[in-house]
Amino acid sequence: DADRSRTMSTEYCNAPHCTINPRTLSSSRFLLPEKKQLAFRDEVGRINLHMVLDCVQQVRTAQVTVDQAQREKLEKWERHVTRWAKGNIVTWRREVSATGDACWISSKGDCRKEVREATASELEAMRQSVVAHASKKMERIDDSVKAERRQALEALVNQRTASAAGAIPKRQREASPVAPRRQETEAVQPRTK
């Protein structure tokens, strides 16, 4: 069993908390499985960002009491899932049908039904997530635009450097016997006023 746990990778998700029904979760999805308290994994076993943050809040406000080892485990999950979320690009938007049923659609196309009404804080957290990811996306776009401009400028400098290296200064061209000279027989146009 120890070998199996080392080979399995931990998966994370940021599905809205209101789309996960804790009553339907198996006891292995809870930090306190015997009491079915502090659900931190979704129905398929992924560590959920919002559920972990909710667990942390419950422990910090003493709504649920845990021992030191459980507290440390929860803090470790919080660090890992928060780090994962910073690099994650999945965003969610809430859509309500004409019948009033709500579902959440991810930027990857996943659709999850809302099992309980989303709280104002959940809606705000999702809004902030979308804003943060849009901001990161703009930074990446800005970085790619800057990189393209830098490459174009480098190409221009290289082109000018190369042509300047192969170019002969004007004085040398005029002094050179191969350089074309103005024919002395050419008529000089008189200036007229």
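This one's a predicted model, so the numbers in the text were calculated from it and none came from an experiment.

Engineer: Explanation requested: the nonpolar core in the structure shown.
Structural biologist: General note: in soluble globular proteins, nonpolar side chains tend to be found buried as a group. Judged by nonpolar contacts, the single largest core of 16 residues is most densely connected at Leu31, Leu38, Phe40, Val52, Val66, Leu74 and Trp77. At the level of secondary structure, the elements contributing two or more residues to this core comprise β2 (30–32), α2 (49–60) and α3 (68–87). Sorting elements by how many residues they give to this core places α2 first, with five residues. When neighbours within four sequence positions are excluded, Val52 is seen to be in contact with Phe40, Ile47, Leu74, Trp77, Glu78 and Val81. Judged by nonpolar contacts, the second largest core, of seven residues, contains Cys13, Ala15, Trp104 and Ala118.

Engineer: Just to check I follow, could you spell out the environment of Cys103 for this structure?
Structural biologist: As for its placement among the helices and strands, Cys103 is situated in strand β6 (residues 102–106). Taking the C-alpha atoms as reference, Cys103 lies 4.2 Å from Lys113; in sequence the two are 10 residues apart. Discounting chain neighbours no more than four positions away, the residues touching Cys103 are Arg93, Arg94, Glu95, Cys111, Arg112, Lys113 and Glu114.

Engineer: What is the right way to look at the packing of α2 against α3 in this model?
Structural biologist: Geometrically, a packed helix pair is captured by the angle between its two axes and the distance between the axes. Closest axis-to-axis distance for the α2/α3 pair is 9 Å, and the angle between their directions is 145°. The two elements α2 and α3 cross, and the hand of that crossing is left-handed. In this structure, α2 uses Leu49, Val52, Leu53, Cys55, Val56, Val59 and Arg60 to contact α3, whose residues at the interface are Arg71, Leu74, Trp77, Glu78, Val81, Thr82 and Ala85. Here the contact of α2 with α3 is built from residues that sort into 10 nonpolar, one polar and three charged.

Engineer: Teacher, can you tell me more about α3 here?
Structural biologist: With 20 residues, α3 should reach 28 Å at 1.5 Å per residue; the first-to-last C-alpha distance of 29 Å fits that figure. Of all the positions in α3, only Gln70, Leu74, Trp77, Glu78, Val81 and Ala85 are classed as buried. When α3 is viewed along its axis, its buried side chains cluster within an angular range of 110° and face the same direction. More than 90 degrees from the buried face of α3, the exposed residues found are Ala69, Arg83, Lys86 and Gly87. At the N-terminal end of α3, a side-chain oxygen is found 3.1 Å from the backbone nitrogen of Ala69, two or three residues along, and the residue is Asp67.

Engineer: Is there a simple way to explain the pairing of β6 in this structure?
Structural biologist: Regular strands have side chains that alternate between both faces of the sheet. Along β6, five of the five residues are buried, which leaves the element largely enclosed by surrounding structure. The alternating pattern of β6 places Ala102, Trp104 and Ser106 on one face and Cys103 and Ile105 on the opposite face, and all of these are buried. Across five bridges, strand β5 (residues 92–96) lies against β6 in antiparallel orientation. Along β6, the bridge assignment pairs Val96 with Ala102. In this sheet, strand β7 (residues 111–113) lies alongside β6 in antiparallel orientation, the contact comprising three bridges. Bridge pairing in β7 links Trp104 to Arg112. Counted along the chain from β6 to the antiparallel partner β7, the turn is four residues long, and its residue Gly109 has a positive phi close to 100°.

Cut-off values and rules
- Residues numbered from 1 in each chain as written.
- Predicted model: local features only at pLDDT ≥ 70, side-chain atom pairs only at ≥ 80, totals over all residues.
- Heavy atoms only, no water.
- Core = buried A, V, L, I, M, F, W, Y, C linked by side-chain atoms within 4.5 Å.
- Buried < 20%, exposed > 50% of the residue type's maximum accessible area, 1.4 Å probe, protein only.
- Helix = DSSP H or I, 4+ residues; strand = E, 2+ residues; numbered from the N terminus.
- Contact = heavy atoms within 4.5 Å.
- Axes fitted to C-alpha atoms, helices over the stretch in contact; angles between N-to-C directions.
- Left-handed = near helix turned anticlockwise from the far one by under 90°.
- Nonpolar A, V, L, I, M, F, W, Y, C, P; charged D, E, K, R; others polar.
- Expected span 1.5 Å × (residues − 1).
- Arc of directions from axis to C-beta.
- Polar contact = N/O pair within 3.5 Å; in protein donor to acceptor, adjacent residues only side chain to side chain.
- Pairing = 2+ DSSP bridges.

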